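Summary of the model geometry
As a plain string of letters, each chain reads:
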Amino acid sequence: MATEVLANSLFCGPDRGLIENAVLRHEGGVITEIAESAAPLNGRRSLVVPAFVNAHDHARPTASSFGAVGMPLESWILRSALGTPVDPYLTAVSALARSARSGCAAMMVHYTRPSGRMPLVDEAKAIAKAASDVGIRIAFAIAVRDQNPIVYGDGEPVLSSLPDDDRKAIEEMFVRAPVSPKEYIELTDAIAAAISGPKVDVQLGPAGVQWCSKPLLEAVAENSTRTGRRIHMHLLETVYQRAWADRNYPQGIVRYLDDIGLLSDRLTLAHCIHARPDELEIIAASGARIVTNFSSNMHLRSGLGPIAAAHNCGCAIAVGVDGLALDEDDDALREMRLVQGVHGGIGFQRTWTCPEFFGLAIRNGRKATGAPGTGGLAVGGPADFVTIDLDRLDRDQIMPVDPIELLFARGNASMVRNVVVDGHTIVSEGRCVGVDLPAIEQELRGIYRANAGQMTGLQRAWPQLSASLQNWFEMQLDCR
């Protein structure tokens, strides 16, 4: 039996635009009808829009709670190890539920920090269960590394600056035997066999070029070409990564990725903050997507990124939260507003209109995560949509104002009333239906507090380690 949703305004997408006083019917996870309502709607006003996508994330706890604040990625990534999942299911379900609560139907889980408490296939199963309990679609990839665990090169100068006990603690945490390309492909296959399904897309996930050897990158490219499996990878996030890439790939890192067949419409690249114009052209020609993560870039002082330039040369742009939204609350709507506000144009020259940006962010985000459909609301498409409280959004009601323009002027997750994914309501009146998010977050805090004393080695070593990291990376820029 079809379910009926009434909306004072329904935004189908940039092509079809807004329908006033609309009715949307869906059945079996598919939209069966969108039409004008026979009578004017009364009561609480609502705006129905396509569901959002968090196209780059790691399903981790909020890093600031562990002292990873106001530092560049190269220090932050080590410091945030204090937030290693103590319970993979609880950690993932809290992050997934926050994304769902903000209006996301799909989220990329680029899994960079396993708990180490269970086999990786079992950990992937725990995350898939978390997604199922929340009701959200996910893409999942183990973020693999096989080089440069401490710095982008020889870590001995950093390690040798530490007292013996501190060095031992840091090596035990971060320096491990690398996985071989063959082992990684086999692991990905095993995870796919265990968790792939209509709402779970298992992908290949090289962590980033500075952390992956050529044999590993080439094995990933070959496997993706042969199997059609998608790839998710960081690229050129910081100035230090740019310097490393220029030294190690003088022919050009993006050109190399293209030469080995890694660049294609199966690939999503996170950040690309320090990509150059010619590299953006190559990425655009390949059909690969760029996910921008504005708040994360700001938190980590990585830079703004050439997002308008990328769009103007034909790159497909999506938006991710990266676990570091402006207020560390995974608010995907505010994140889209920030990207639009900074990259949307200067003066009378616009990069895109708000409806156009909304449409491309959702469409490209769904491609990045393997979610079906184009992201627009249309008959025959997936029933993935969000109901916004229009009375709160249009709080003054002085004159008619385009609700999509208002959404990009003042919208945030607190205005999300209901979220429907695959025809199922996963958020109702702003609360997750399948899980008790406040209780889960409180339980996680208790576990982390109880376990805070177990990483005393990293905390003890941190002042000297942080100073040594800064010296090492600044020397790399001086040597260019």
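The structure under discussion appears in the preceding block.
This one's a predicted model, so the numbers in the text were calculated from it and none came from an experiment.

**Overview of the packing of aromatic side chains**
Taken as a whole and judged by the stated rule, the model has 13 aromatic pairs. Measuring from ring centre to ring centre gives 5.1 Å for Y152 and F473, while their planes differ by 75°; the resulting arrangement is edge-to-face. One end of the pair, Y152, is in the loop between strand 7 (137-144) and helix 4 (156-159); the other, F473, is in helix 18 (residues 456-478), and 321 residues separate them in sequence. Centre to centre, the rings of W472 and F473 are 5.0 Å apart; their planes meet at 75°, and the pair counts as edge-to-face. The two residues W472 and F473 agree in class, both being buried. Every member of this aromatic cluster is reached through a ring pair, and the members are F11, F52, W352, F357, F358 and F408. The lysine or arginine in question, R79, covers the ring of W462, its NZ or CZ lying 5.5 Å from the ring centre. Seen from the ring of Y256, K214 lies directly overhead, with NZ or CZ sitting 5.6 Å from the centre.

**Side note on the pattern of salt bridges**
A side chain of one charge can pair with a side chain of the opposite charge when the charged atoms of the two come close. Applying the stated criterion across every chain, the model contains 28 salt bridges. A salt bridge links R255 to D258, with the nearest nitrogen and oxygen atoms 3.7 Å apart. One end of the pair, R255, and the other, D258, are both in helix 9 (residues 253-259), three residues apart, so they sit about a helical turn from each other. A cluster of three or more residues bridged by salt bridges with shared partners is formed by R44, D389, R417 and E429.

**A closer look at the nonpolar core**
Counting 146 residues, the largest nonpolar core has L96 and F140 as the members making the most contacts within it. Other than its neighbours up to four places away in sequence, L96 contacts M107, V109, I127, A130, A131, V134, I136 and I138. Within the second largest apolar cluster, 14 residues are counted, among which are A7, L10, A22 and F385.

**Regarding a nonpolar patch on the surface**
On the surface, I398, M399 and V401 cluster together to form a nonpolar patch covering roughly 330 Å² of accessible area. Owing to a relative accessible area of 41%, V401 belongs among the partly exposed residues under this scheme.

**Side note on the sheet that holds strand 13 (residues 316-319)**
With parallel pairing, four strands are arranged side by side in an open sheet as 10-11-12-13. Whereas interior strands pair on both sides, the edge strands pair on one side only; in this sheet they are strand 10 (231-235) and strand 13. Between one strand axis and the next, the sheet turns through 30° on average, direction left out of account. Across three bridges, strand 11 (residues 267-271) lies against strand 12 (residues 289-292) in parallel orientation. Looking at the pairing, L269 lines up with I290 of strand 12.

**Describing the state of the cysteines**
In the structure shown here, the tally under the stated rule is zero disulfides. This cysteine, C313, is not joined by any disulfide, and C315 carries the nearest cysteine sulfur, 4.3 Å off.

**Observations concerning the sheet that holds strand 18 (residues 424-428)**
Strand pairing in a sheet relies on backbone hydrogen bonds. The paired strands run either parallel or antiparallel. Ordered by their spatial adjacency, eight strands build an open sheet running 3-2-1-4-16-17-18-19, and the pairing between neighbours is mixed. In this open sheet, the two edge strands, each paired with only one partner strand, are strand 3 (30-36) and strand 19 (431-432). Of the strands in this sheet, strand 1 (3-11), strand 2 (18-27), strand 4 (46-50) and strand 16 (385-389) are in contact with helix 16 (residues 403-410), which crosses strand 4 at around 85°.

**Describing helix 18**
Look at helix 18: 33 Å from first C-alpha to last across 23 residues, which is about the 33 Å you get at 1.5 Å a residue. Along helix 18, the sharpest change in direction is near 60° and occurs at W462; proline P463 comes one to four residues later. What helix 18 keeps buried is the set G457, L458, A461, W462, L465, S468, L469, W472, F473 and Q476. Close packing links the buried residues of helix 18 with helix 1 (73-79), helix 4, helix 5 (164-174) and helix 8 (239-248).

**Details of the pairing of strand 1**
Across eight bridges, strand 1 lies against strand 2 in antiparallel orientation. Its bridge partner being in strand 2, T3 is matched across the sheet by H26. Between strand 1 and strand 2, which pair antiparallel and follow one another directly, the connecting turn spans six residues, one of which, G13, has a positive phi of 150°. Note: strand 1 against strand 4, two bridges, orientation parallel. Within strand 4, the position partnered with S9 by the bridge is L47.

**Concerning the environment of I77**
Among the secondary structure elements, I77 is positioned in helix 1. Linking I77 and R113, residues 36 residues apart in sequence, is a C-alpha distance of 10.0 Å.

**Observations regarding unusual backbone geometry**
The phi dihedral of A59 falls on the positive side, at around 55°, and the residue is not glycine. The residue A59 is located in the loop between strand 5 (52-57) and helix 1 in this model.

**Re the pairing of strand 17 (residues 416-421)**
With respect to burial, strand 17 is a largely interior element, five of its six residues being buried. When strand 16 meets strand 17, the two strands line up antiparallel, connected through four bridges. When the bridges of strand 17 are listed, F385 appears paired with V420. Across three bridges, the pairing between strand 17 and strand 18 is antiparallel. For V420, the partnering residue across the bridge sits in strand 18 and is T425. Once strand 17 ends, the chain turns through two residues before running back antiparallel as strand 18, passing D422 with a positive phi of about 55°.

Parameters and conventions
Residues numbered from 1 in each chain as written. Predicted model: local features only at pLDDT ≥ 70, side-chain atom pairs only at ≥ 80, totals over all residues. Heavy atoms only, no water. Phe/Tyr/Trp six-rings, centres within 6.5 Å; stacked < 30°, edge-to-face > 60°. Helix = DSSP H or I, 4+ residues; strand = E, 2+ residues; numbered from the N terminus. Buried < 20%, exposed > 50% of the residue type's maximum accessible area, 1.4 Å probe, protein only. Lys NZ or Arg CZ within 6 Å of the ring centre and 35° of its normal. Salt bridge = Lys/Arg side-chain N within 4 Å of Asp/Glu carboxyl O. Core = buried A, V, L, I, M, F, W, Y, C linked by side-chain atoms within 4.5 Å. Contact = heavy atoms within 4.5 Å. Patch = residues over 30% accessible without salt bridge, like charges linked within 9 Å, V, L, I, M, F, W, Y side chains within 5 Å. Areas by Shrake-Rupley, 256 points an atom, 1.4 Å probe, with all protein chains shown as cover. Pairing = 2+ DSSP bridges. Axes fitted to C-alpha atoms, helices over the stretch in contact; angles between N-to-C directions. Disulfide = S-S within 2.5 Å. Expected span 1.5 Å × (residues − 1). Bend = angle between axes of the 7 residues up to and from the residue.

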